[in-house]
There are 2 protein chains.
Amino acid sequence: MPDLPAGNAVIGQSGGPTAVINQSLAGVIEGLKAGLATSGQVKRIFGMRHGVRGLVKTGSEGLVDLTGIDKAKLDQIARTPSAALGSTRDKPDEAYCEKILAGCRANDIRYFFYIGGNDSADTCRIVSEKAEAAGYELNCFHVPKTIDNDLLENDHTPGFPSAARYVAMALAGDALDNASLGGIKINVIMGRNAGFLTAAASLARQGAADGAPPADRPAPHLIYLPEVSFSTDAFLADVEAVYAKLGRCQIAVSEGIRDKTGAEIAPKLMRSGEVDAHGNIQLSGSGALGDGLADLVKTGLTPKGGKAPRVRADTFGYIQRCWPEPSPVDAIDARAVGRYAAELAARGDRSASVIIVRISNAPDAYRSDCARADLKAVARRTRHVPAEFISGANDVSAAFDAYCRPLVGDLPKLAWL
Amino acid sequence: MPDLPAGNAVIGQSGGPTAVINQSLAGVIEGLKAGLATSGQVKRIFGMRHGVRGLVKTGSEGLVDLTGIDKAKLDQIARTPSAALGSTRDKPDEAYCEKILAGCRANDIRYFFYIGGNDSADTCRIVSEKAEAAGYELNCFHVPKTIDNDLLENDHTPGFPSAARYVAMALAGDALDNASLGGIKINVIMGRNAGFLTAAASLARQGAADGAPPADRPAPHLIYLPEVSFSTDAFLADVEAVYAKLGRCQIAVSEGIRDKTGAEIAPKLMRSGEVDAHGNIQLSGSGALGDGLADLVKTGLTPKGGKAPRVRADTFGYIQRCWPEPSPVDAIDARAVGRYAAELAARGDRSASVIIVRISNAPDAYRSDCARADLKAVARRTRHVPAEFISGANDVSAAFDAYCRPLVGDLPKLAWL
């Protein structure tokens, strides 16, 4: 048994919620109860209200005591989407992390678990370093979460498979809607810097397109990722070619598409460039990019004196990250990474980011496992869709299909006349 | 056995597709095979490609022969959302109906089945009257379908329960997303003239709100239907009151909200008033109303010199009518109305609209049955949300909850800290 400090544990949830982030919360609690709480090193298990915001509040109003939560309640919360503790968009800097450390000291926290993306890993890293410098024994663990699937070291991140499942289901239904009435349908999908979720639109095909030209692919015919530079001229030509042949065209496009200089397309097409708290243009919770692309297509594809094609745009909003029927694989993985973080703590690890490793991708035999990485390997860094998952300028590859399909679970088998 | 003509049957699908419109197609085919096709009155069963468009085409390219379709394939198509035959937005007038009648004569059609909304019922009515006037024996049946739930005589219409299920699931997840990060969330839901689908947002509450004031209701806190006149001032006051108390507010709003003069709100808030083929402003496939309402809230609720609240708008697009996991009740009802139409034909009915009647609404004992109505009782008429389903200016009643809940099937049981 390693020499471990005795005190309390705290768990927080950060950033955009997912359908399974509460599985990770339940996993950490379960793992602590099976380990450090049994051996006596962890006395109380606290939850932070709205992430680190809860920890920097004076008094205990920002913390909720989860020590005595019963298993039935915990299981029900685990099956509930979104962050049960509340979440935050705060990205702590050095000064903020000092306050977090003070909050840990004030509550005798010796085990710090933070469920989130690369910013949350960075928070763990800074807090861990500050604690060490101050000679305060604090063990810090990052538990991965993000629908964007953009954490390094991970095969995939909890939250992504469920969002990918939603996108695949939505595109599958929408493809048939588009086929039944014709016209051009644009679907704008979340993922500002990484196109994994937009790529998952391809799973609606019930098989890889294997490099077929756009009009010969099963829908979606065109997929645009932020990793591939976007040109409005090429976009119009792509759409026109598919529409001319089929009388319809289904498109999946990432909210984060960029031109060849790396500049985002959205602001160029948007009414007003609204800027959020981090200085970013607001892409989600607004139909502006979709409507802008639709206007572009209507203007570009209407023959002189002729009738505009039927063009519709749907912007997939928050539902893609909180749909209450998660991918079964995702629910299991998200629980496992939480439990594993508590196990790392029990083994005497001082700080780590839990990662997911794929053990087997044999057909019908997908298996994954948890492992550890150093916080700095994950913190603040972004994983992008790799080249081998991309096919040409407007599609994904068969390799992406093989990678992603086991994650989303069985999809309905659809048939058509 | 009634004296029935011998010839062919034709089935078409019209208007916006639904998740279960193919169940009705399968139902008509099954019903014909079990009745008139066995007795010899129906020789061939045709499907119209893209509704009546397929029937007015010369030659047979607009028709598909479904006589020999096997049961396994038919069942798979029935489980597939959207109109497998293709759909159309055409609303036939007298001249168009003459062409339909000519198409029927050319293909020896004696049984005409049209799956759609009140316009489709009207097409059946006109074609039936023209056939009678011409002395051509043609039996015409309307099979109900619309996510808007706006057909008279019907307890509910096939397609609505599945769309309502999607809306309830989406609002349930979104409510927790809104709770975890705070702010104001606007969800724009389909249903231009009838608010049933928007009302279904209330099912996310897992129980009726029983007349509680907005901030004391489980989310969604505010529900705006086209049947209740909408004032932007009252809307802002409603949102402000909830937000002031809770730091968040979840809103469900119909795309068809109108002011006290009956004028639609959407065009007043939209960038450009796009007009569709029927002279209507395009509400779906665009985020414009949601973004306009969000702008209104941001402008109206930002304190002088202060920070704007976090406001997000999602416009529920085509996914709400084509999500590939229907309500189980809906799938059964949609199959039943199709079969019943074929049975009416076998009984010698000359023309009718199939309707759904609720037999029992006892808890856990919901049952419905099919019946007939005259085409003119359904054709071109619109059912609105009745007064007893509405509660005040921004909510629905417990009676609506009791009406709607059995239709959508079991919803996930969610829990929160």
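The structure presented is a predicted model; accordingly, all values stated were derived computationally and were not measured.

Draft legend 1. Quick peek at the overall build of chain A. Along chain A, the regular secondary structure elements total 15 helices and 13 strands. Each of the three principal axes of chain A carries a C-alpha extent, and together these read 75 × 45 × 35 Å. Among the 417 residues that make up chain A, the fraction classed as buried is 61%. Looking at chain A alone, contacts between residues at least 24 apart form 75% of all its contacts between residues at least 6 apart.

Draft legend 2. Quick look at the domain arrangement of chain A. All names here are of chain A. As far as domains go, chain A holds domain 1 (7-159 + 326-378) and domain 2 (160-324 + 387-408). One C-alpha centre belongs to domain 1, the other to domain 2; they are set 33 Å apart. Residues that form the side of domain 1 that touches domain 2 fall into these classes: eight nonpolar, 10 polar and four charged.

Draft legend 3. Focus on the sheet that holds strand E9 (residues 311-315) of chain B. All names here are of chain B. One open sheet accounts for four strands, arranged E7-E8-E6-E9; its pairing is parallel. Bordering the open sheet on either side are strand E7 (222-224) and E9, each of which pairs with just one other strand. Neighbour-to-neighbour, the strand axes of the sheet open up by a mean angle of 15 degrees, direction not taken into account. With seven bridges connecting them, strand E6 (residues 183-189) and strand E8 (residues 248-254) associate as parallel partners. By the bridge assignment for E8, Ile184 is matched with Cys249. Docked against the sheet, helix H9 (residues 232-246) engages E6, E7 and E8, running at close to 150 degrees with respect to E8. This element, helix H11 (residues 288-301), spans E6, E8 and E9 of the sheet and lies at about 165 degrees to E9.

Draft legend 4. Looking closely at the relation of the copies chain B and chain A. The operation relating chain B to chain A is a screw motion whose rotation component is 180 degrees, with 0.0 Å of axial translation and a residual RMSD of 0.0 Å. Considering both components of the superposition, the chain copies are consistent with a two-fold axis. The C-alpha atom lying nearest the rotation axis in chain B is that of B:Gly287; the distance is 2.1 Å. A share of 100% of the interface residues of chain B reappears at the interface of chain A, consistent with the copies meeting face to face through the same patch.

Draft legend 5. Layout of helix H13 (residues 328-346) of chain A. Residue and element names in this part refer to chain A. If you check H13, its first and last C-alpha atoms are 28 Å apart, about what 19 residues at 1.5 Å a residue would give, namely 27 Å. By the criterion of burial, H13 is predominantly enclosed, with 17 of the 19 residues buried. Positive phi shows up at Gly348, right after H13, with a value of about 95 degrees.

Draft legend 6. Geometry of the nonpolar core. Core analysis: the largest hydrophobic core is formed by 268 residues, its most contacted members being A:Phe112, A:Phe113, A:Val167, B:Phe112, B:Phe113 and B:Val167. Among all residues touching B:Phe113, those that are not within four sequence positions of it are B:Ala9, B:Val10, B:Ile11, B:Val28, B:Phe141, B:Val143 and B:Ala341.

Draft legend 7. A look at the interface of chain B and chain A. Listed by partner, the interface residues are 52 residues for chain B and 52 residues for chain A. Of all the elements in the fold, those that place two or more residues in the side of chain B that touches chain A are helix H4 (71-78), helix H7 (160-181), H11, E9 and helix H12 (319-322) of chain B. Per element, the largest residue contribution to the side of chain B that touches chain A is 10 residues, and it comes from H7(B). Of the residues assigned to the side of chain B that touches chain A, the class counts are 25 nonpolar, 15 polar and 12 charged.

Draft legend 8. Focus on unusual backbone geometry. Cis geometry is found at the peptide bond from A:Ala219 to A:Pro220, where omega equals 5 degrees. Looking at the element boundaries, A:Pro220 is found in the loop between helix H8 (196-199) and strand E7 (222-224). For A:Ser82, which is not a glycine, the phi torsion comes out positive at approximately 75 degrees. Inspection of the secondary structure assignment puts A:Ser82 in the loop between helix H4 (71-78) and helix H5 (94-106). Residue classification places A:Ser82 among the buried positions, given that 29 C-beta atoms sit within 10 Å. Positioned with a positive phi, B:Gln206 is a non-glycine residue whose angle comes to about 55 degrees.

Draft legend 9. Summary view of the pairing of strand E10 (residues 351-360) of chain A. Residues and elements named next belong to chain A. As judged from the three bridges shared by strand E5 (residues 139-144) and E10, these two strands associate in the parallel manner. In the strand pairing of E10, His142 is matched with Ser353. Examined bridge by bridge, E10 and strand E11 (residues 367-373) share seven bridges and lie antiparallel to one another. If you follow Ser360 over to E11, its bridge partner there is Arg367. Taken together, E10 and the strand that follows it, E11, pair antiparallel across an intervening segment of six residues, in which Asp364 is found at a positive phi of about 60 degrees.

Draft legend 10. A look at the sheet that holds strand E1 (residues 7-13) of chain A. Residues and elements named next belong to chain A. In space, the seven strands of this open sheet follow the order E3-E2-E1-E4-E5-E10-E11, with mixed pairing throughout. Of all strands in the sheet, those with a lone pairing partner are strand E3 (63-65) and E11, marking the two edges. In this sheet, adjacent strand axes meet at a mean angle of 25 degrees when their direction is disregarded. Along the sheet, H13 makes contact with strand E4 (109-116), E5, E10 and E11, crossing E5 at roughly 165 degrees.

Draft legend 11. Region of the structure containing the confidence of the model for chain A. Across chain A, pLDDT averages 93, with 95% of residues at or above 70. The ipTM for the predicted assembly is 0.95, set against a pTM of 0.96.

Draft legend 12. Structural view of the packing of H5(A) against helix H6 (residues 118-134) of chain A. Residues and elements named next belong to chain A. Running from N to C, H5 and H6 point in directions that differ by 65 degrees, and their axes come no closer than 9 Å. In the packing of H5 onto H6, the handedness of the crossing is right-handed. Between H5 and H6, the contacting residues are Glu94, Cys97, Glu98, Ile100 and Leu101 on the first element and Thr123, Ile126, Val127, Lys130, Ala131 and Ala134 on the second. For the contact of H5 with H6, the per-class residue count stands at seven nonpolar, one polar and three charged.

Draft legend 13. Quick look at helix H5 (residues 94-106) of chain B. Residue and element names in this part refer to chain B. Under the 1.5 Å per step criterion, the end-to-end length of H5 is 18 Å for 13 residues, consistent within 8% with the ideal 18 Å. Of all the residues in H5, the buried ones are Cys97, Ile100, Leu101, Gly103 and Cys104. Seen end-on, H5 carries its buried residues on one side only, within an arc spanning 155 degrees. Against helix H3 (52-56), strand E4 (109-116) and helix H6 (118-134) lie the buried residues of H5. Looking one or two residues beyond H5, the residue adopting positive phi is Asp108, at roughly 55 degrees.

Draft legend 14. Representation of the packing of H7(B) against helix H15 (residues 398-408) of chain B within the structure. Residues and elements named next belong to chain B. Contact geometry for H7 and H15: axes closest at 8 Å, N-to-C directions at 100 degrees. The angle between H7 and H15 places the two elements in the roughly perpendicular class. Between H7 and H15, the contacting residues are Pro161, Ala164, Arg165 and Ala168 on the first element and Cys404, Leu407 and Val408 on the second.

Draft legend 15. Local environment of the environment of A:Ala175. Residues and elements named next belong to chain A. Along the polypeptide, Ala175 turns up in helix H7 (residues 160-181). Considering only alpha carbons, one finds Ala175 and Ala219, 44 residues apart in sequence, at a separation of 5.9 Å. Discounting chain neighbours no more than four positions away, the residues touching Ala175 are Ala204, Ala219, Pro220 and Gln250.

Draft legend 16. Inspection of the environment of A:Arg192 at higher detail. Residue and element names in this part refer to chain A. Along the chain, Arg192 turns up in the loop between strand E6 (183-189) and H8. Residue Arg192 is classed as buried on the basis of its C-beta count, with 20 C-beta atoms lying within 10 Å. With 150 residues separating them along the chain, Arg192 and Ala342 place their C-alpha atoms 31 Å apart.

Draft legend 17. Representation of the pairing of strand E11 (residues 365-373) of chain B within the structure. All names here are of chain B. Both strand E10 (residues 351-362) and E11 contribute to a ladder of nine bridges, which runs antiparallel. Note that in E11 the partner of Arg358 across the bridge is Ser368. Count of turn residues in the E10/E11 antiparallel hairpin: two residues, of which Asp364 carries a positive phi of about 60 degrees.

About the cut-offs
- Residues numbered from 1 in each chain as written.
- Chains lettered and ligands numbered in written order.
- Predicted model: local features only at pLDDT ≥ 70, side-chain atom pairs only at ≥ 80, totals over all residues.
- Helix = DSSP H or I, 4+ residues; strand = E, 2+ residues; numbered from the N terminus.
- Buried ≥ 20, exposed ≤ 12 C-beta atoms within 10 Å, placed from the backbone.
- Contact = placed C-beta atoms within 7 Å.
- Domains from an automatic or database assignment.
- Nonpolar A, V, L, I, M, F, W, Y, C, P; charged D, E, K, R; others polar.
- Pairing = 2+ DSSP bridges.
- Axes fitted to C-alpha atoms, helices over the stretch in contact; angles between N-to-C directions.
- Least-squares fit on C-alpha atoms with pLDDT ≥ 70 in both.
- Expected span 1.5 Å × (residues − 1).
- Core = buried A, V, L, I, M, F, W, Y, C linked by C-beta atoms within 7 Å.
- pLDDT = per-residue confidence, 0-100.
- Left-handed = near helix turned anticlockwise from the far one by under 90°.
- Arc of directions from axis to C-beta.
- Parallel < 35°, antiparallel > 145°, perpendicular 65-115°, else oblique.

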